[in-house]
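What the coordinates show
Spelled out from the first residue to the last, the chains are:
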Amino acid sequence: MPTLVPFTGYNYSNVVPLTAHEDRLLLIRLKEGDEMAFDEVYRLYAHKLLGNITKLVKSESTAAELLQEIFVKLWFNREKIDVDRSMAPYLFRIAQNQVYDFFRKAARDNSLQRSLTAASQEAYVHIEEDIFQAEAVRHLQELMSTLPPKRRTIFEMIKLEGLSYAEVSSRLNISESTINDHIVKATKHIQQQMNLLYPGALSVAIILHLG
Amino acid sequence: MLDYFDAGGNERLLKELVLKTLEADDASRVPHDALTESILVNIKTTIRERSEAPSVPTIPVYQRNWFRAAAVAGILLLAAITGFVLTSRRPVAAPAAAVPPIKKEEIMPGKDAARLTLADGSVIVLDSAGNGALASQGAAEVTKQNGAIAYGQKDAPAQVLYNTLSTARGNQYQLQLADGSRVWLNAASSIRFPTTFTGNDRRVEITGEAYFEVAHDAARPFFVQVLSPAGADLGLVRVLGTHFNVQAYADESAIKTTLLEGAVQFTRNGQERLLQPGQQAVAHYQQQGIEVANARIDKEMAWKNGQFLFDGDHIEDIMRQISRWYDIDVTYAGAVSQETFSGLVSRNSHLSQVLKILEVGGLNYKLNGKKMIVTQ
């Protein structure tokens, strides 16, 4: 069994994984309410969980709250533990549900959404999964193809190529106010369509990203 | 992450992405050890808060709050008989265990119960039922509230009457003396005390184990006479306004006095030692001297905080505590294993839960009703 070190100054980076047998004994003790077992579980997994949750929610304080709730749940539901299965998958499933629920609620809560989006904007470069980005971009491209040709061109030049209004104005020989008009309408259209496809956070975020 | 959240078909993929990210082993965002550790503290606080039973309105003075992890140090006088010394572990928060569904023949934990013997010899059985005024003992009013009784001093007393509060195995109780001092009585223990304190000092007698929070009174020093169940003098604790624990079980190897706060002096057979907070005076039954050492406060106070704290303990030491609290008899078949056991579990647990934890550590036993045989 991993040895516990004193309360202060615990080195979480030095975690030794358990054998299957040790894992089972730990589960039994936890199930019966041995607090030392609870501490051992925490020492084995909390650090990694905290780091990865922070990666997802972008905020250390939010991650701390979620981690807390995960382990409190672990304790209060300890009697449901199936000692014939492993600790890690069980614990990580609790964590998965906790984090996922957090996002689900956040997507519905507008104000929280906005502040989260603002936070994630800064960290936006660190997209973990290409698949989702590709999907979103694909949808966006599809939508853009539904725009009238001129509007679409203008939109692409401003939003995707990053040209200034002045540049576009001189290239296409149209006034900046016209450009603005097109942009407003294009954005509105895309936003509406995205809302139909992805109600909630996604559309707002994507528009913000593009803006 | 939030950006890709929607109510459509991406849900399942997103959920899997969450799990994959949680399980990932990369060093890109490693928190500080101190942060992770501090969250554990919050977790335990939250667990403790959510575990607390729905509040029964209690008069603060009579609170029976066994689960409050008050960081009080105590002097433990431990009467030694057989030479086993209990060691301790670091403190951990004390949640009340979620009471598991009662299976057939479960051995229940101990409860707040005791017998109060009045000066005239009459006995009142104290249990969870029936709060309120209990008796009038001379100038003292005795009231009962949820696992505790309190003596209130009314007027100048005509005579000094002595009462005895005693707990059997499987019981514990709390008492407030006439001067406001509080006493927690563990299982198989007793305290004999005057209903009101007169004279120049305050004196009580105990057997077994008790934790004291003595009300400050510079004019009247507080003395705890430690006795064996047969009445033999095992030592005297002189208290200088403080919190301490005294343990004097006949089947343990020593009388232990553990000081949490304040100062006490332990005297036995003409020898005396003064204790500082965090220290323990140990007087082995079989020996003459008194040893003073640093105490594992968390371990000595575990019982009062509603827990069993085993840390590298031998099975016989553990079983003595178990037998007192669960009221079972324990015998040993064959040679007693020298293996050590550790665990931290609520005293509110069923015996079976505690035993399962010990089984993990290698305990083998047979349990027949209230008789246990520890096997190899």
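Keep in mind the model is a prediction, meaning the values are calculated, not measured.

Turning our eyes to something else, we now look at the confidence of the model for chain A. Atom-level detail of predicted coordinates should not be read off regions where pLDDT is low. Residue and element names in this part refer to chain A. Scored by pLDDT, chain A has a mean of 79; 72% of the residues are at 70 or more. Looking across chain A, the model is least confident in helix H10 (residues 201-210), with a mean pLDDT of 45, and most confident in helix H3 (residues 60-76), with 95. Of the regions scoring below 50 in pLDDT, residues 1-7 engages in 17 contacts with residues more than four places distant in sequence or in other chains.

Residues and elements named next belong to chain B. You can see Asp-179 is positioned in the loop between strand E9 (171-176) and strand E10 (182-185). Here the alpha-carbon distance between Asp-179 and Asp-217, two residues 38 residues apart in the chain, equals 8.7 Å. When residues no more than four places from it in sequence are discounted, the contact partners of Asp-179 are Phe-197, Arg-202, Ala-215, Arg-220 and Phe-222. A polar side-chain atom of Asp-179 sits 2.8 Å from a polar atom in the side chain of Ser-181. Within the structure, Asp-179 has its side chain in polar contact with the side chain of Arg-202 (distance 2.4 Å).

Before going further, it helps to spend a moment on the environment of B:Val237. All names here are of chain B. Counting through the fold element by element, Val-237 comes out in strand E14 (residues 233-239). Take Val-237: its relative accessible area is 0%, and that puts it in the buried class. Residues Val-237 and Arg-268, 31 residues apart in the sequence, show an inter-C-alpha distance of 8.9 Å.

All names here are of chain B. Here 3 strands make up an open sheet; going across it, the order is E22-E25-E24 and the pairing mixed. Looking at strand neighbours, the two that pair on one side only are strand E22 (329-332) and strand E24 (364-368), the edges of this open sheet. Taken over all neighbouring pairs, the strand axes of this sheet differ in orientation by 20° on average, direction set aside. By the bridge criterion, 5 bridges tie E24 to strand E25 (residues 371-375) in an arrangement that is antiparallel. Bridging across to E25, Asn-368 finds its partner in Lys-371. Against the sheet, helix H4 (residues 315-326) makes contact with E22 and E25, and its axis sits at roughly 160° relative to E22, the strand it touches most.

We now examine H4(B). All names here are of chain B. With 12 residues, H4 should reach 16 Å at 1.5 Å per residue; the first-to-last C-alpha distance of 16 Å fits that figure. Taking burial as the measure, the 12 residues of H4 include 12 buried ones, the bulk of the element. Those residues of H4 lying buried are Ile-315, Glu-316, Asp-317, Ile-318, Met-319, Arg-320, Gln-321, Ile-322, Ser-323, Arg-324, Trp-325 and Tyr-326. With its phi angle positive at about 55°, Asp-327 sits one or two positions after the end of H4.

Turning to helix H2 (residues 33-51) of chain B, a few remarks are in order. Under the 1.5 Å per step criterion, the end-to-end length of H2(B) is 27 Å for 19 residues, consistent within 8% with the ideal 27 Å. Those residues of H2(B) not exposed but buried are B:Thr36, B:Glu37, B:Ile39, B:Leu40, B:Ile43, B:Lys44, B:Thr46, B:Ile47 and B:Ser51. Buried residues belonging to H2(B) abut helix H2 (35-57) and H3 of chain A.

In terms of nonpolar packing, the biggest core is built from 47 residues, with A:Ile53 and A:Phe71 touching the most fellow members. Listing elements by their share of this core, those giving two or more residues are helix H1 (20-31), H2, H3 and helix H4 (87-108) of chain A together with helix H1 (10-23) and H2 of chain B. The leading source of residues in this core is H2(A), at 12 residues. With residues up to four places along the chain from it excluded, the contact list for A:Ile53 reads A:Lys58, A:Ala63, A:Leu66, A:Leu67, A:Ile70, A:Val99 and B:Leu22.

This brings us to the packing of aromatic side chains. Throughout the structure, instances matching the rule amount to 13 aromatic pairs over all chains. With 6.1 Å between their ring centres and 85° between their planes, A:Phe38 and A:Phe71 make a pair best called edge-to-face. Here A:Phe38, found in helix H2, pairs with A:Phe71, found in helix H3; they are 33 residues apart in sequence, far enough to count as distant. For the pair B:Phe308 and B:Phe310, a centre-to-centre distance of 5.6 Å together with 20° between the ring planes defines the contact as stacked. We note that B:Phe308, like B:Phe310, is buried. Sitting above the plane of the A:Trp75 ring, A:Arg78 keeps its charged end 3.9 Å from the centroid. The ring of B:Tyr162 has B:Arg192 sitting right over it, with the charged end atom 4.3 Å from the ring centre.

Moving on, we come to the pattern of salt bridges. All names here are of chain B. According to the stated counting rule, one finds 29 salt bridges over all chains in the structure shown. With its nearest N and O atoms 3.0 Å apart, the salt bridge here joins Glu-300 to Lys-256. A residue pair is termed long-range when its members are at least 10 positions apart, and Glu-300 in helix H3 (residues 297-300) and Lys-256 in strand E16 (residues 253-261) qualify at 44 residues. Taking relative accessible area as the criterion, Glu-300 reaches 6% and is therefore assigned buried. For Lys-256, a relative accessible area of 1% corresponds to the buried category.

Before going further, it helps to spend a moment on the confidence of the model for chain B. All names here are of chain B. Per-residue pLDDT for chain B averages 80, and the proportion of residues at 70 or more is 78%. In this model residues 54-99 is a low-confidence stretch, pLDDT under 50, and it forms 207 contacts with partners more than four residues away in sequence or in other chains. Interface predicted TM-score (ipTM) for the complex: 0.70; the corresponding pTM is 0.65.

Turning next to the pairing of strand E13 (residues 222-227) of chain B. Residue and element names in this part refer to chain B. Most of E13 sits out of view: 6 of its 6 residues are buried. Along E13, one buried face is formed by Phe-222, Val-224 and Val-226 and the opposite face, lined by Phe-223, Gln-225 and Leu-227, is buried too. Inspection of the sheet shows strand E12 (residues 202-213) paired to E13 by 5 bridges, in the parallel sense. Pairing of Glu-205 across the sheet is with Gln-225, part of E13. By the bridge criterion, 6 bridges tie E13 to E14 in an arrangement that is antiparallel. What sits directly across from Phe-223, in E14, is Arg-238. In this antiparallel pair of consecutive strands, E13 and E14, the connection spans 5 residues, and Gly-231 shows a positive phi of 100°.

With that settled, the discussion passes to the packing of H2(A) against H4(A). Residue and element names in this part refer to chain A. Axis separation between H2 and H4 bottoms out at 11 Å; the angle between their running directions is 30°. It follows that H2 is roughly parallel to H4 by the angle criterion. Two packed elements cross with a definite hand, and for H2 against H4 that hand is right-handed. Across the interface between the two elements, Val-41, Tyr-45, Lys-48, Leu-49, Ile-53, Leu-56 and Val-57 from H2 touch Met-87, Ala-88, Leu-91, Phe-92, Ala-95, Val-99, Phe-102 and Phe-103 from H4.

Okay, the packing of H2(A) against H2(B) next. Between two packed helices, what matters for the description is the angle formed by their axes and the separation of those axes. Between H2(A) and H2(B), whose axes approach to 10 Å, the crossing angle comes to 130°. Considering their axes alone, H2(A) and H2(B) lie oblique with respect to each other. Seen along the crossing, H2(A) lies across H2(B) with a hand that is right-handed. Listed contacts from H2(B) to A:Phe38, A:Asp39, A:Tyr42, A:Arg43, A:Ala46, A:His47 and A:Leu50 of H2(A) are B:Asp33, B:Leu35, B:Thr36, B:Glu37, B:Ile39, B:Leu40, B:Ile43, B:Lys44 and B:Ile47. Looking at the contact of H2(A) with H2(B) residue by residue, the class counts come to 9 nonpolar, 2 polar and 5 charged.

The rules behind these values
Residues numbered from 1 in each chain as written. Chains lettered and ligands numbered in written order. Predicted model: local features only at pLDDT ≥ 70, side-chain atom pairs only at ≥ 80, totals over all residues. Heavy atoms only, no water. pLDDT = per-residue confidence, 0-100. Helix = DSSP H or I, 4+ residues; strand = E, 2+ residues; numbered from the N terminus. Contact = heavy atoms within 4.5 Å. Polar contact = N/O pair within 3.5 Å; in protein donor to acceptor, adjacent residues only side chain to side chain. Buried < 20%, exposed > 50% of the residue type's maximum accessible area, 1.4 Å probe, protein only. Pairing = 2+ DSSP bridges. Axes fitted to C-alpha atoms, helices over the stretch in contact; angles between N-to-C directions. Expected span 1.5 Å × (residues − 1). Core = buried A, V, L, I, M, F, W, Y, C linked by side-chain atoms within 4.5 Å. Phe/Tyr/Trp six-rings, centres within 6.5 Å; stacked < 30°, edge-to-face > 60°. Lys NZ or Arg CZ within 6 Å of the ring centre and 35° of its normal. Salt bridge = Lys/Arg side-chain N within 4 Å of Asp/Glu carboxyl O. Parallel < 35°, antiparallel > 145°, perpendicular 65-115°, else oblique. Left-handed = near helix turned anticlockwise from the far one by under 90°. Nonpolar A, V, L, I, M, F, W, Y, C, P; charged D, E, K, R; others polar.

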